[in-house]
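Commentary on secondary and tertiary structure
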Amino acid sequence: MEPTRRTDFVLFIQDKFEEIQKLFARKNEGYGASGDLFWNFRQTAERLYPAMYAQDPFAAMFLVAETLVDKHNVALAKGITVSECEERLLDRIVYSLLQLKMVYDRSESQES
């Protein structure tokens, strides 16, 4: 097996980013709302963690996202041959990007 070069990895990332955008658009259409990126996280956080949500909505939504990511982690713990391995990994990237946006939005809201 030949080692992968960094330049090849950068090209791989660029290629996958387009795929990630399409995956997000497809899944968010079913789970999200056009006016609220975090709609599904917000709804679940308000229902399952009302006290936490009242105090820090982003912390509660972040916890919801972590719970949703965990289903992929459990499946992927079976190894590289797990069914839908590639899509599960891409889903984890989408969740990570959503969580990163939560971190940024929380920081901005605390500065205001």
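Residues numbered from 1 in each chain as written. Predicted model: local features only at pLDDT ≥ 70, side-chain atom pairs only at ≥ 80, totals over all residues. Heavy atoms only, no water.

A short note on the overall build of the protein chain
Per the secondary structure count, the protein chain includes 5 helices and 0 strands. Across the protein chain, helices and strands are ordered from the amino to the carboxyl terminus as α-α-α-α-α. Overall, the protein chain is about 55 × 30 × 25 Å in size when its C-alpha atoms are taken along their principal axes. Residues classed as buried in the protein chain amount to 29% of the 112 residues present. Sequence-distant contacts, at least 24 apart, represent 51% of the contacts inside the protein chain between residues at least 6 apart. (Helix = DSSP H or I, 4+ residues; strand = E, 2+ residues; numbered from the N terminus. Buried < 20%, exposed > 50% of the residue type's maximum accessible area, 1.4 Å probe, protein only. Contact = heavy atoms within 4.5 Å.)

Description of the packing of helix α4 (residues 57-76) against helix α5 (residues 85-111)
Between α4 and α5, whose axes approach to 10 Å, the crossing angle comes to 165 degrees. Comparing the axis directions of α4 and α5 gives the class roughly antiparallel. When you trace α4 past α5, the crossing you get is left-handed. Between α4, through F58, M61, F62, A65, E66, L68, V69, K71, H72, N73, A75 and L76, and α5, the contact on the second element is made entirely by C85, R88, L89, D91, R92, Y95, Q99, M102, V103, D105, R106 and S109. (Axes fitted to C-alpha atoms, helices over the stretch in contact; angles between N-to-C directions. Parallel < 35°, antiparallel > 145°, perpendicular 65-115°, else oblique. Left-handed = near helix turned anticlockwise from the far one by under 90°.)

Re a nonpolar patch on the surface
Judged by side-chain polarity, F17, F62, I93, L97, L100, V103 and Y104 come together as a nonpolar surface patch covering roughly 640 Å² of accessible area. It is α5 that provides the largest number of residues to the nonpolar patch, a total of 5 residues. Mapped onto the elements, F62 comes out in helix α4. (Patch = residues over 30% accessible without salt bridge, like charges linked within 9 Å, V, L, I, M, F, W, Y side chains within 5 Å. Areas by Shrake-Rupley, 256 points an atom, 1.4 Å probe, with all protein chains shown as cover. Salt bridge = Lys/Arg side-chain N within 4 Å of Asp/Glu carboxyl O.)

What about the environment of Y53?
By secondary structure assignment, the location of Y53 is in helix α3 (residues 50-55). C-alpha of Y53 to C-alpha of N28: the two residues are 25 residues apart in sequence and 22 Å apart in space. Once you skip the residues sitting within four places of it in the chain, Y53 turns out to touch R42, A45, E46, A60 and M61.

Digging into the confidence of the model for the protein chain
Caution is warranted with low-pLDDT regions, since their predicted coordinates should not be read in detail. With 96% of its residues at a pLDDT of 70 or more, the protein chain shows a mean pLDDT of 92. Taken element by element, the protein chain is modelled with least confidence in helix α1 (residues 6-31), mean pLDDT 88, and with most confidence in α3, mean pLDDT 98. (pLDDT = per-residue confidence, 0-100.)

Considerations on the packing of aromatic side chains
Across all of its chains, the model carries 3 aromatic pairs by this definition. Geometrically, the ring pair formed by F9 and F12 is stacked, given 6.2 Å between the ring centres and 20 degrees between the ring planes. Of this pair, F9 and F12 both sit in helix α1, 3 residues apart, which is roughly one turn of that helix. Relative to F58, the ring of F38 lies with its centre 6.4 Å away and its plane at 90 degrees, an arrangement referred to as edge-to-face. On the criterion of sequence distance, the pair formed by F38 in the loop between α1 and α2 (39-48) and F58 in helix α4 is long-range, its members being 20 residues apart. Of the two residues, F38 and F58, both sit in the buried class. (Phe/Tyr/Trp six-rings, centres within 6.5 Å; stacked < 30°, edge-to-face > 60°.)

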